[in-house]
2 protein chains.
Amino acid sequence: MEETDKDSYIQGDRMYVATDCVIFGFDEGNLKLLIFKRRVEPLRGEWSLIGSVVRLEEDVQDAAKRVLKEITGLDGVFMEELKSYGKADRDPGYRCISIAHYALIRIGEYDKELVKKHGADWYDIDEVPQLVLDHNQMVKDALERIKRKARYKPIGFELLPEKFSIPQLQRLYEAVYREQLDARNFRKKVISLNVLNKLEEKDKSTSKRGAFLYKFNYVNYQKLLRQGFNFEIS
Amino acid sequence: MEETDKDSYIQGDRMYVATDCVIFGFDEGNLKLLIFKRRVEPLRGEWSLIGSVVRLEEDVQDAAKRVLKEITGLDGVFMEELKSYGKADRDPGYRCISIAHYALIRIGEYDKELVKKHGADWYDIDEVPQLVLDHNQMVKDALERIKRKARYKPIGFELLPEKFSIPQLQRLYEAVYREQLDARNFRKKVISLNVLNKLEEKDKSTSKRGAFLYKFNYVNYQKLLRQGFNFEIS
DNA sequence: ACAAAAGTGTTCTGTATACACCCATGG
DNA sequence: CCATGGGTGTATACAGAACACTTTTGT
């Protein structure tokens, strides 16, 4: 389990390596963060990112994937190393460095039972409570990272369902950049990249008229990547 | 010492945390890398990045700084975390993850005695020999990082002496990007950023006419950072 | 019929790019 | 006097930014 691993190891004379996951989702126009309330000492009752000690025989990256899977049931989603948190005094209990990772998940697809069972919950990114240790810093760093990353990688598609409308995509970018975008310019830009396949279907959930749905075209995206391109949108 | 720390700790039942430093310099139009030849087992005689185990009471970042200082005598130079290398089998001897860092140093300023004493040497970035473990991968990753970083931060100034000419700066960018740049456009671009103070002096080392020297204006650079800007040069 | 979101084009402006010649100096 | 690298300006193309109205349809 995410918390017990760590706790069962407490000793004062050695270094522990852990990983903590900053898990983002997107829903109803808001960027969300998955956190959980600790049920065991130390720090019982405090909000925390989800993490675990890295096992001796386990790749660090695999540990992060394991954590994500344990709490959301998901694998194969976008996940990347953020950075390490290695201050000697970051954890008052024992010497532990954390290699933080961040993940972008489709908020419709996670395993709700599992999340509930672990006492985890989604928080709007503006309403994240105080977290244990340096976890708020991790969230801040991860946010900056995805903001920057969105400029050269189409990060948004990881967070949306398979079929999505252009206004939906725009709301996502607005949530990440924290600014309003011009609908005409936005549409022009994303369509010009040639990585969207328009479907016949419409999404009628947000308007009477309905917005056409699109799918992300991974083949064209690969081509684009090879050429090098700029996804800057503002 | 950079190697002995690690070696004196060998045990099979625990996780070690190390740091390895990718140290770049720039000289005579070439980007260079500082590496050293191991003098003790294991892997005696092999080329390696410079690294050390992170001490129990030491911040990871401080460990990286310590390593850099031990071998070059420098501190206060630009140094940043690259990423972690956490494969369970990356080091056949024992379980050790490495938090790699990269540094950009002024090649005229390091302590030559110290470097020599450690068996270290500068290699042209195109002529780096095979290194131990995953160190070649670290170098490759660091190179990609500085290439990308150069697009939004004026990374070049860390590698040049305090006073430098515009052609010198251009050669540095050419070495990092691995492509020829147009001298007129390059000059136009860097001057337009308003972060260079022109001096009266000239550098006559590369031409008879001499090229005016400049200093980097950190105050204006801070202003620029606040506005957000694009250092893209090509 | 009206409210509410989706969808559509054009103009302007700034910036990146391409490109060729004169300048200053030491030898 | 000439070889070598330093320094300068202009024209063109392209991409980002600003901007307002029509369409659709459920209620």
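Throughout, residues of each chain are indexed from 1 in the direction in which the sequence is written. Going through the entries in the order they are written, you letter the chains from A and number the ligands from 1. Residue-level local features of this predicted model are given only where pLDDT is at least 70; pairs of side-chain atoms are given and counted only at 80 or more, and the full residue set underlies all totals for whole chains, interfaces and linings. Each side-chain value is worked out from all heavy atoms of the structure, with water and hydrogens disregarded.

**Concerning the nonpolar core**
In these notes, a set of buried Ala, Val, Leu, Ile, Met, Phe, Trp, Tyr and Cys residues joined through side-chain atoms within 4.5 Å is what counts as a nonpolar core. Only protein chains enter the accessibility calculation, which uses a 1.4 Å probe; a residue whose area is less than 20% of its type maximum is buried, one above 50% is exposed, and one in between is partly exposed. Grouped together as the largest cluster of nonpolar side chains are 48 residues, with contacts concentrated most on A:V22, A:F24, A:L31, A:I146 and A:Y173. Each of domain 1 (8–150) and domain 2 (164–227) of chain A contributes no fewer than three residues to this core. Counting residues in hydrophobic clusters, the runner-up holds 46 residues, among them B:L131, B:I155, B:V190 and B:I233. Here the bounds of each domain stem from an automatic or database domain assignment.

**Describing the pattern of salt bridges**
Salt bridges are defined as contacts in which a side-chain nitrogen from Lys or Arg sits within 4 Å of a carboxyl oxygen from Asp or Glu. Going through the model one piece at a time under the given rule, you end up with 22 salt bridges over all chains. Between A:K149 and A:E80 there is a salt bridge, with its nearest N and O atoms 3.2 Å apart. On the criterion of sequence distance, the pair formed by A:K149 in helix α4 (residues 135–149) and A:E80 in strand β5 (residues 78–85) is long-range, its members being 69 residues apart. Using a relative accessible area of 7% as the deciding quantity, one classes A:K149 as buried. Taking the shortest distance from any N to any O, the salt bridge between B:E70 and B:R66 comes out at 3.6 Å. Pair noted here: B:E70 and B:R66 are both in helix α2 (residues 60–72), with a separation of four residues, about one helical turn. For B:R66, a relative accessible area of 13% corresponds to the buried category. In this structure, a network of salt bridges that share partners links the residues A:E58, A:R66 and A:E70. Put simply, DSSP H or I for four residues or longer makes a helix, DSSP E for two residues or longer makes a strand, and each gets a number counted from the N terminus.

**A short note on the sheet that holds strand β8 (residues 163–165) of chain A**
Residue and element names in this part refer to chain A. Any two strands between which DSSP finds at least two bridges are classified as paired. In space, the three strands of this open sheet follow the order β8-β10-β9, with antiparallel pairing throughout. Sheet topology places β8 and β9 (196–203) at the edges, where each strand pairs with a single neighbour. Neighbour-to-neighbour, the strand axes of this sheet turn through a mean angle of 45°, independent of strand direction. Where β8 meets strand β10 (residues 211–216), three bridges bridge the pair, whose relative direction is antiparallel. Bridged to F164 within β10 is Y214. We call two residues in contact whenever any of their non-hydrogen atoms come within 4.5 Å of each other. Here, axes are lines fitted to C-alpha atoms. For helices the fit covers the stretch in contact, and angles between N-to-C directions go from 0 to 180 degrees. Its contacts with the sheet place helix α5 (residues 166–177) against β8, β9 and β10, and it is angled at close to 80° to β8.

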